[in-house]
Amino acid sequence: MSPAGSLARFLGDARAVVRSDERLILLFLLLLSVAALAVFLYYTDLILDGLPDVLPTASPRP
């Protein structure tokens, strides 16, 4: 096999590896963003539930 052919084959294999690594990185970032969104929504709900009601549920008596 010629040196140019083996170099082209090596570069083709290297590109395939980089693509799969990029897919794994994108998948990791996607899962990380979903987890961050879940934590954000959980704590937002927790904070909003802890706030007092704006309108009282019982009417005041004179």
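Computed from a predicted structure; not experimentally measured.

Chemist: Before we go on, may I ask you to explain the overall build of the protein chain in this structure?
Modeler: When helices and strands are counted, the protein chain shows 1 helix and 0 strands. Every one of the 62 residues in the protein chain was classed for burial, and the buried ones make up 0%. For the protein chain, the accessible surface area stands at approximately 6,100 Å², while carbon and sulfur atoms represent 72% of it.

Chemist: Would you take a moment to explain a nonpolar patch on the surface for this structure?
Modeler: A surface patch of nonpolar side chains, amounting to about 490 Å² of accessible area, comprises Leu-24, Leu-27, Leu-30, Leu-31 and Val-34. Residue placement: Leu-27 occurs in helix H1 (residues 3-50). You can call Leu-27 partly exposed: its relative accessible area is 43%.

Chemist: Teacher, can you tell me more about the packing of aromatic side chains here?
Modeler: Each pair of aromatic rings is reported with the distance of its centres and the angle of its planes. Scanning the entire structure with this criterion turns up 1 aromatic pair. Relative to Tyr-43, the ring of Tyr-42 has its centre 5.2 Å away and its plane inclined at 80°; by these criteria the two rings are edge-to-face. The exposure class of Tyr-42 is exposed, given its relative accessible area of 52%.

What counts and how
Residues numbered from 1 in each chain as written. Predicted model: local features only at pLDDT ≥ 70, side-chain atom pairs only at ≥ 80, totals over all residues. Heavy atoms only, no water. Helix = DSSP H or I, 4+ residues; strand = E, 2+ residues; numbered from the N terminus. Buried < 20%, exposed > 50% of the residue type's maximum accessible area, 1.4 Å probe, protein only. Areas by Shrake-Rupley, 256 points an atom, 1.4 Å probe, with all protein chains shown as cover. Patch = residues over 30% accessible without salt bridge, like charges linked within 9 Å, V, L, I, M, F, W, Y side chains within 5 Å. Salt bridge = Lys/Arg side-chain N within 4 Å of Asp/Glu carboxyl O. Phe/Tyr/Trp six-rings, centres within 6.5 Å; stacked < 30°, edge-to-face > 60°.

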